[in-house]
Amino acid sequence: MIQLDDPIVNIALPGLREAVGLSATGAAWVVHAYLLAFGGLLLLGGRAGDILGRRRVFMTGVALFTAAAALRGLAHSAEFLIAVRAVQGAGAALAALSGLALLLSTFTESAARRRAIAVCTMVGAVSSAGGLLLAGALTSLASWRWVLYLDVPLGVAIVLAAPLVLDETPRHRGRFDLPGALLSMLGAALLVYGLAQAAERGWSDPVAVGCVLGGVATLAVFAAVERRAGQPVVAPRLFADRDRLLAYLGTLAAPGALIGTYFFLSQYFQQQHGWSAPATAWALLPLPVTMAVTAVAAGRLERHIGSRRLWATGAVLLVTGNLWLSTLPAGGGYRATVLPALVLLGAGMACCVLPPTVLATSGLRGDEAGTAAAVLDSLQSVGGSIGLATLVMVSSHTGGMPGGFATGAAFAGCALLAALLLRRR
């Protein structure tokens, strides 16, 4: 449901702008409000699930997300729409974190957990593709407002089914580290907002630079506070294991290797080739489809060749796919250049998701699964923001897509380095 929502908002945004009188800045805030709430609540949401029960927090998050999805379709003012998007981001943070933590606590055996993570990756890839196609089809057949209601029946079904199929996890005694929670929220929000501004206005913008520096400084203070806290939001011991730390670094780097594909190619197809939005969605479809198919195979492959080799193979595929697209000429052919690169990128990303997730969530105590999931999601969210801001900056200074895709290859190279530094086992 959460993966479906991104393309839904992108498709409906032009209609929303006209209906509520959104300026270009206001339209950007429709995206920023969601990201700020999502990024700011990730770490606190993970701790909340450990203390209050993950099913309870999961259902609360889904209910908030669904209610906000219903209300945004009724929005008649920019302020109301932006506020609803912030609520939706908060719901997404609670639901995504507790959902992953529930998966980890349900599938405790190693092989079963790997299969579950692989299926979760597959569903995410299929949802991104399906959301784009569904949104394009509904927009052409009916009002754009109907597109915004796609999440509502899904959310209602999840809230009704969750008590029937999910067991509540044990509630671990503890308390919320209020100073740590506030610092993590403020630091993550400043960093995400600063990176979003940098992607939109460039690194010469003083607000973007100030927010990024302020976010980094706040997170540094947060790390110092957590070392002395009795019950920290994030246990420092999560970063003590070398392989888990490398998994976190790989999770931070990998989004930058893929995020430019949708960003650059969507504009390339529509502006240089004159394709419609539905045609562009079909053209990009091989990437998520390949990712979904490879995710299922990756679970079995990882058992035979190990996390290190599977992750390194995926990173090499990401490097190759980005370098391939960096050679794309202005009038380059789809079948000869774009299609093979999309297949490489989809397969590579699937192989780069399973090993870090398994490594980052193994060897944990029962009260640490939610926090580990929160750190993973936080790094993925921040990694996407860092990647997009960097790719946009490089492409604007180097003349377009080739520099952007070369930068994507550099992010994939960082993920490859993290994989090669893993212990052999």
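Data block above holds the structure.
These lines cover the structure that appears in this document, whether it is placed above or below. (Residues numbered from 1 in each chain as written. Predicted model: local features only at pLDDT ≥ 70, side-chain atom pairs only at ≥ 80, totals over all residues. Heavy atoms only, no water.)

### Here we look at a nonpolar patch on the surface
Line of reasoning, step 1. Side chains of Leu 71, Leu 74 and Phe 80 sit close together on the surface and give an oily, nonpolar patch of about 270 Å² of accessible area.
Line of reasoning, step 2. Residue position: Leu 71 is located in helix H3 (residues 54-72).
Line of reasoning, step 3. By relative accessible area, which is 38% here, Leu 71 ends up partly exposed. (Patch = residues over 30% accessible without salt bridge, like charges linked within 9 Å, V, L, I, M, F, W, Y side chains within 5 Å. Areas by Shrake-Rupley, 256 points an atom, 1.4 Å probe, with all protein chains shown as cover. Salt bridge = Lys/Arg side-chain N within 4 Å of Asp/Glu carboxyl O. Helix = DSSP H or I, 4+ residues; strand = E, 2+ residues; numbered from the N terminus. Buried < 20%, exposed > 50% of the residue type's maximum accessible area, 1.4 Å probe, protein only.)

### Some thoughts on the packing of aromatic side chains
Line of reasoning, step 1. Here the structure, examined in full by the defined rule, presents five aromatic pairs.
Line of reasoning, step 2. Aromatic side chains Phe 239 and Tyr 248 sit 5.4 Å apart centroid to centroid with 55° between the ring planes, which places their arrangement in the tilted category.
Line of reasoning, step 3. The exposure class assigned to Tyr 248 is buried, which follows from its relative accessible area of 2%.
Line of reasoning, step 4. An aromatic cluster of three or more residues is present, and its members are Tyr 268, Phe 269 and Tyr 334. (Phe/Tyr/Trp six-rings, centres within 6.5 Å; stacked < 30°, edge-to-face > 60°.)

### Comments concerning the packing of helix H11 (residues 259-272) against helix H14 (residues 334-360)
Line of reasoning, step 1. Remark: H11 packs on H14, axes separated minimally by 13 Å, with the N-to-C direction vectors making an angle of 160°. Taken together, H11 and H14 sit at an angle that is classed as roughly antiparallel. Note that H11 runs across H14; the crossing there is left-handed. For the pair H11 and H14, contact is made by Thr 261, Leu 265 and Phe 269 and by Tyr 334, Val 338, Leu 342 and Leu 345, respectively.
Line of reasoning, step 2. Residues of the contact of H11 with H14, tallied by class, amount to six nonpolar, one polar and no charged. (Axes fitted to C-alpha atoms, helices over the stretch in contact; angles between N-to-C directions. Parallel < 35°, antiparallel > 145°, perpendicular 65-115°, else oblique. Left-handed = near helix turned anticlockwise from the far one by under 90°. Contact = heavy atoms within 4.5 Å. Nonpolar A, V, L, I, M, F, W, Y, C, P; charged D, E, K, R; others polar.)

### Examining the pattern of salt bridges
Line of reasoning, step 1. Tallied over the full model, the rule gives seven salt bridges.
Line of reasoning, step 2. A salt bridge links Arg 72 to Asp 5, with the shortest nitrogen-to-oxygen separation between them at 2.6 Å. A residue pair is termed long-range when its members are at least 10 positions apart, and Arg 72 in helix H3 and Asp 5 in helix H1 (residues 2-20) qualify at 67 residues. Both residues of the pair, Arg 72 and Asp 5, belong to the buried class.
Line of reasoning, step 3. Residue Arg 423 pairs with Asp 243 through a salt bridge whose shortest N-O separation is 3.7 Å. You can see Arg 423 sitting in the segment after helix H16 (401-420) and its partner Asp 243 sitting in helix H10 (residues 242-253), a full 180 residues away along the chain.
Line of reasoning, step 4. Overall, Asp 243 belongs to the buried group, its relative accessible area being 1%.
Line of reasoning, step 5. In the salt-bridge network here, residues are joined through shared partners; they are Asp 5, Arg 72, Arg 85 and Asp 151.

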